[in-house]
Each structure stands twice: as structure tokens, then as C-alpha cells.
Amino acid sequence: MKNKLLHIGDNLSPSLQVKKFNRNTCSCDATTKVLPKAAYKKEVMNKIKGAVVINTDRCKGCDLCVVACPYDVLELARKKVNASGYAYAQAVKAEACVGCAACGTVCPDGCITVYRMKVKENSDGRA
């Protein structure tokens, strides 16, 4: 079957046949395997605070960092522009940042730096 084109409807060899996936027939218990890990990640991320530093002179206002931020920390300046005439990104909810660095990863100009710091807990377990 080397270098042979098959038309739609031709019989494929059994190894090339595609089976339809039915999500209701999954034999695994997704709730017991996924949730504890997700809960653990959320618990760890709550103990880490982040700080976003944006070089506003280099920012071109592409809005990629605003879209990438899962905690809505960043926003484009509405009435301010930088020296190049672009509306730049700024941290409007800096206290919500967990330091995930999603914004810095997608920034094409590399003008975002994210710092992480671990939050110290009090003796009663609060941050």
C-alpha cells in the first residue's frame, strides 16, 4: 500500500481505521484523579504572590498579556500613552497576581518581568 492514494470510502487496513470516541464510555474516574492535583496546585499558588514589572516605554499595547492573564491583573491604559504613542499595559489589580508569568511568556517585546515571592503564614495558618 506504499504510495497509493485512497479515495474517501475505500476500505482502509484495520490498523488505519479510525474509531469514534465516546466520552461517556470512559472507564476512568476523572473526578478522583484530577481534582486532588488541581486542588493542590490552587493551594500552592495561593501561598505565592507575584509582582509584575512592565517597561512601559517598550510596550506597544498589543494586548496579548491582558488576554493571557488568568487573574485579570493587567489592563491597557485607556487615556495614557508612552513616548512612542502606544497605550501600554499596566497592573490594575496587582494584589491578585500569583506570579504565574503567563503575561511575560506571551509578550513579544519582552517588556514584562514577573517576580514571585512566597507568602509567610502566621501561626494560625493565615497569610
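Residues numbered from 1 in each chain as written. Predicted model: local features only at pLDDT ≥ 70, side-chain atom pairs only at ≥ 80, totals over all residues. Heavy atoms only, no water.

Attention now moves to the overall build of the protein chain. If you tally the helices and strands in the protein chain, you get three helices and four strands. Shown N-terminal to C-terminal, the secondary structure of the protein chain runs as helices and strands in the order α-β-α-β-β-α-β. Split into buried and exposed, the 127 residues of the protein chain put 17% on the buried side. For the protein chain, restricting intrachain contacts to residue pairs at least 6 apart in sequence, the fraction spanning at least 24 positions comes to 59%. Accessible surface, the protein chain: about 10400 Å² in total, of which carbon and sulfur atoms supply 54%. (Helix = DSSP H or I, 4+ residues; strand = E, 2+ residues; numbered from the N terminus. Buried < 20%, exposed > 50% of the residue type's maximum accessible area, 1.4 Å probe, protein only. Contact = heavy atoms within 4.5 Å. Areas by Shrake-Rupley, 256 points an atom, 1.4 Å probe, with all protein chains shown as cover.)

A word on unusual backbone geometry. We note that Asp-63 has phi near 75 degrees; this positive angle belongs to a residue other than glycine. Among the structural elements, Asp-63 can be located in the loop between β1 (48-54) and α2 (64-68). Although it is not a glycine, Asp-72 sits at a positive phi angle of roughly 55 degrees. Among the secondary structure elements, Asp-72 is positioned in the loop between α2 and β2 (74-76). Judged by relative accessible area, which is 47%, Asp-72 ranks as partly exposed.

Take the state of the cysteines next. Counted according to the given criterion, the structure contains zero disulfides. Between Cys-62, a cysteine without a disulfide, and Cys-65, which holds the nearest cysteine sulfur, the sulfur-to-sulfur distance is 6.0 Å. The cysteine Cys-111 is free of any disulfide, with Cys-107 supplying the nearest cysteine sulfur at 3.5 Å. (Disulfide = S-S within 2.5 Å.)

This brings us to the nonpolar core. Counting residues in hydrophobic clusters, the biggest one holds 16 residues, and the most contacted among them are Val-52, Ile-54, Cys-65, Leu-74, Cys-103 and Ile-112. Looking at this core, the elements that each hand over two or more residues are β1 and α2. Apart from the residues within four sequence positions on either side, Cys-65 is in contact with Leu-74, Ala-89, Cys-103, Val-106 and Ile-112. (Core = buried A, V, L, I, M, F, W, Y, C linked by side-chain atoms within 4.5 Å.)

Structurally, Asn-82 can be placed in the loop between β2 and β3 (89-91). When sequence neighbours within four positions are dropped, the list of residues in contact with Asn-82 reads Thr-56, Asp-57, Cys-59 and Tyr-88.

In this model, the protein chain carries an average pLDDT of 76, and 58% of its residues clear a pLDDT of 70 or more. Below a pLDDT of 50 lies the segment residues 15-25, which in the model reaches two contacts outside its immediate sequence neighbourhood of four places, other chains included. Low pLDDT, under 50, characterises residues 29-35; the predicted model gives this stretch three contacts beyond four residues in sequence or across chains. (pLDDT = per-residue confidence, 0-100.)

Glancing now at the environment of Gln-90. Among the structural elements, Gln-90 can be located in strand β3. For the pair Gln-90 and Thr-56, spaced 34 residues apart in sequence, the C-alpha separation works out to 8.0 Å. Excluding residues within four positions of it along the chain, Gln-90 makes contact with Ile-54, Val-73, Leu-74, Glu-75, Ala-77 and Lys-80.

Turning to the environment of Met-117, a few remarks are in order. Tracing the backbone through its elements, the reader meets Met-117 in strand β4 (residues 112-118). Once the C-alpha coordinates of Met-117 and Val-98 are considered, the two residues, 19 residues apart in sequence, prove to be 8.9 Å apart. Discounting residues that sit within four places of it in the chain, Met-117 has contacts with Lys-47, Ile-48 and Lys-49.

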